[in-house]
Amino acid sequence: YNGILGVGLFAQDCGSFCVTNANSDQYFTCNGTTCYCGATVDLNAQVRNPVDALPTDWHGVTLNFSGTSAATAANPGLTTASGTVTFQSSAASGHVYYADGYGNMRTTYNGTTLDSFIDSGSSILFIPSASGYSNCTQDSSIFCGNLATYTATNTSTPGTNGFSLAASFQVGQGYSYMDSTTYNVFSALAGPTGTGSSAVFDWGFPFFIGKTIYVGIGYSNGSGHNSTNPYWSF
């Protein structure tokens, strides 16, 4: 099977919602050979984030990947990229962006504020359609257009005391990038998630290149940086 590997924000896979709600589709019960989708599960019985289960350094992880995040027409990517995951013994500081109970912060792009998240398991950026680029004719799941830089503003979930700052990203000739025999890692590779307020903004792996990003676990087994809200810091 194909699979992806990302880093979670929560101590459990469902959290408090599954404690009282049986319609999460996360767990099921069986009576003999008959199984029923939907079951409530106590926190201590849910699948646990292995980082939160560590005796020390359980506050979260820092992900750091080498390389430059800026692509050019002559140098659109990297041949390889390497990185490290570091378990953290204390909470992050600096530009902290708190997420809500669903793991979303907010990103304002092209005049619309969207649910958004930062995900190392997404191989490309997934963003709403906008002027300047369109779906590739060869593959509608990625964008094609002249290489350009765009800006969006990331904001903590409402009601939290986090940061609100602009972040830049690039979009380029997606199909030719993926068809390359020279490069394997691209910072300007993106695909569509829809239009309007129904879309989401997924800051995928290209956003990690050349950065150090802290993933802070929420609802953890100690005080942490914020005992309720998970967060990113970069």
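Please read these numbers as outputs of a predicted model, since none were measured by experiment.

Asks: How should unusual backbone geometry be read in this particular structure?
Replies: A negative phi holds for most residues other than glycine; trans holds for most peptide bonds. One non-glycine residue, Asp25, adopts positive backbone phi at about 65°. Topologically, Asp25 is positioned in the loop between helix H1 (16–20) and strand S1 (28–31). Given the relative accessible area of 60%, Asp25 is considered exposed. Not every positive phi belongs to a glycine, and Asn110 is a case in point at roughly 55°. Summarising the element assignment, Asn110 is placed in the loop between strand S7 (105–109) and strand S8 (112–118).

Asks: Sorry, what's going on with the environment of Asp139 here?
Replies: Relative to the helices and strands, Asp139 is located in the loop between strand S10 (134–135) and strand S11 (143–144). Sequence separation between Asp139 and Thr160 is 21 residues; the distance between their C-alpha atoms is 39 Å. A distance of 2.6 Å separates the side chain of Asp139 from the side chain of Ser141, its partner in a polar contact.

Asks: I tried to follow the sheet that holds strand S18 (residues 231–233) on my own but got confused; where do I start?
Replies: By way of backbone hydrogen bonds, the strands of a sheet pair with one another, either parallel or antiparallel. Read across the sheet, 5 strands follow the order S5-S3-S17-S18-S6 without closing on themselves; strand pairing throughout is antiparallel. This sheet does not close on itself; its edge strands, each paired only once, are strand S5 (83–88) and strand S6 (96–98). Taken pair by pair, the neighbouring strands of this sheet meet at an average axis angle of 20°, ignoring direction.

Cut-offs used in this document
Residues numbered from 1 in each chain as written. Predicted model: local features only at pLDDT ≥ 70, side-chain atom pairs only at ≥ 80, totals over all residues. Heavy atoms only, no water. Helix = DSSP H or I, 4+ residues; strand = E, 2+ residues; numbered from the N terminus. Buried < 20%, exposed > 50% of the residue type's maximum accessible area, 1.4 Å probe, protein only. Polar contact = N/O pair within 3.5 Å; in protein donor to acceptor, adjacent residues only side chain to side chain. Pairing = 2+ DSSP bridges. Axes fitted to C-alpha atoms, helices over the stretch in contact; angles between N-to-C directions.

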